[in-house]
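Coordinate analysis (summary)
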Amino acid sequence: MDPYIVVLAGFGAVVLLTAWLPMLLKELPLSLPIFCVALGAVIFSMPGVPGVAPHPRDHPELTERLTEFVVIIALMGAGLKLDRALAWATCALTWRLLGIAMPLTIAVLAALAYLLLGLGAATAILLAASLAPTDPVLASDVQVGPPGEGLEDEVRFTLTSEAGLNDGLAFPFVNLAVALALAGQTGEPWLVDWLSVDVVWKLAAGVAVGWIVGRILGWLTFQLPNRARLSRTGDGFVALGITCLAYGITEMAHGYGFLAVFVAALGLRSVERSHEYHEKLHDFVEQLERLLMMVLLVIFGGAIADGGLLDALTLEAVVFALAAIFLVRPIIGWISLLGRNQRSDEKAVISFFGIRGLGSAYYLAYGLNHAEFEQPDLIWATAGLIVLISILLHGTTVTPVMRRLDRERQARGEPAEAWCPPGDGTAEAPAPTRESA
């Protein structure tokens, strides 16, 4: 068989399944990512299929670029979903997850990697920083609904905003690992440069450039004279242009493009929150994200089944993976939310659904492409196992768990669009929907 023809036919099947499967799986405790990984494992295990299942180690640049692209698409989609402004006073749970849970998670995971896996400091930090962020790609099932629908309960809003921001905020820790690895080889000082450039400048540039790009494009889209507005095109692929422009300009300014893309989406929404064009932008991004996710997860399934991704696993790595999923994120997430006037079951759900996915693969590929780290096969295998467990565990539990939370809210008489917990004193009126506008 001609490999090109096989790939073409396979891609056609994936495109059709991308449209069909979400409808079939909607009411089942089974997620699209689970199906994609299983499909990849079956396809690449079939005898006679041309080609070899890839290991990320064999294609480091391609792995970095493909995962990078799907993550920025997911970040734009997450930002476009949010009807509610990301303000300090009304998003306390998000800030706690970002400011408390993520640094603590990185510290604990790095310590476990050092003690259990025998990794050096730089490699342990790289693995920990790669695994700390909630993945914006695979977390779509626990995120808020499309723009204008008002489905923004506190759990969904917190997980959406966390996934949108913590991918950018994990970058300083990944660059810390790179700086330590390079310093170990050259002996040059690294701390001042890391703090001034990788922490202060790149974070500030990501927020500033993203907000400016989002506001300018929001003005071009919604505020120009009617015949000249971008919104009059009705084209959803404008969102792709916004994504690439925000990311590219920020990277050229040596800022964090991941952070800029999400902030640009927030800036765009802030110009005009209730316009129906947001829905078209979001629908295009969602479809593109789903297609890219399916393709990469099929490859991930093949890498597990036939590419040797998990061959380097040790007993200690399995223990590390189980601890990361079942202990570290849930416990630290719960601790970070202490003191908030939030129901215990909602705190538990927010803490539990720290989904790991394609973002982790990007950070590992980025780090390994920028410095030499020890035991790359082991850290790829460990991260791959954690992503696999997360896909299976969170994919089978998200539907029944979120459905139960919704039923309990209905039983208490709370509207689905309730944004803040009762008695919090920070509730505000929902943004107008298309119908009310």
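This text follows the structure it describes.
Heads up: these notes are all about the structure in this document. (Residues numbered from 1 in each chain as written. Predicted model: local features only at pLDDT ≥ 70, side-chain atom pairs only at ≥ 80, totals over all residues. Heavy atoms only, no water.)

1. What to know about the environment of Leu327
- The topology assignment puts Leu327 in helix H12 (residues 315-336).
- We classify Leu327 as partly exposed; its relative accessible area is 47%.
- Through-space distance from the C-alpha of Leu327 to that of Thr243 is 35 Å; in sequence the pair is 84 residues apart. (Helix = DSSP H or I, 4+ residues; strand = E, 2+ residues; numbered from the N terminus. Buried < 20%, exposed > 50% of the residue type's maximum accessible area, 1.4 Å probe, protein only.)

2. So, the packing of helix H4 (residues 92-116) against helix H5 (residues 121-131)
- Where H4 contacts H5, the two axes come as close as 8 Å, and the packing angle between them is 135°. For the element pair H4 / H5, the angle class is oblique. For H4 against H5, the interelement crossing comes out right-handed. Judged by residue contacts, Ile106, Leu109, Ala110, Ala113 and Tyr114 of H4 engage Ala124, Ile125, Leu127, Ala128, Ala129 and Leu131 from H5.
- Per-class residue counts for the contact of H4 with H5 are 11 nonpolar, no polar and no charged. (Axes fitted to C-alpha atoms, helices over the stretch in contact; angles between N-to-C directions. Parallel < 35°, antiparallel > 145°, perpendicular 65-115°, else oblique. Left-handed = near helix turned anticlockwise from the far one by under 90°. Contact = heavy atoms within 4.5 Å. Nonpolar A, V, L, I, M, F, W, Y, C, P; charged D, E, K, R; others polar.)

3. Brief notes about the packing of helix H2 (residues 32-45) against helix H11 (residues 277-305)
- Contact geometry of H2 with H11 gives a least axis separation of 6 Å together with a crossing angle of 50°. Considered as vectors, H2 and H11 are oriented oblique to each other. Remark: the crossing between H2 and H11 carries right-handed chirality. Contact residues: Leu32, Pro33, Cys36, Val37, Leu39, Gly40, Ala41, Phe44 and Ser45 in H2; Arg290, Met293, Met294, Leu297, Val298, Ile299, Phe300, Gly301, Gly302 and Ala305 in H11.
- Among the residues making up the contact of H2 with H11, the classes are represented as 14 nonpolar, 4 polar and 1 charged.

4. Let's talk about the nonpolar core
- In terms of nonpolar packing, the biggest core is built from 124 residues, with Leu127, Phe258 and Leu297 touching the most fellow members.
- Counting residues per element, this core draws most heavily on helix H15 (residues 376-411), at 14 residues.
- If we skip the residues at most four places from it in the chain, Leu297 touches Pro33, Cys36, Val37, Leu138, Leu358 and Ile391. (Core = buried A, V, L, I, M, F, W, Y, C linked by side-chain atoms within 4.5 Å.)

5. Things to note about the side chain of His278
- Positionally, His278 belongs in helix H11.
- You can call His278 buried: its relative accessible area is 1%.
- Apart from the residues lying within four places of it in its own chain, the contact partners of His278 are Pro147, Phe222, Leu268, Arg269, Glu272 and Arg273.

6. Side note on the environment of Gly367
- Along the chain, Gly367 turns up in helix H14 (residues 358-370).
- Residues Gly367 and Ile379 lie 12 residues apart in sequence; the distance between their C-alpha atoms is 11 Å.
- The contacts of Gly367, once residues within four sequence positions are left out, are Leu126, Val178 and Phe373.

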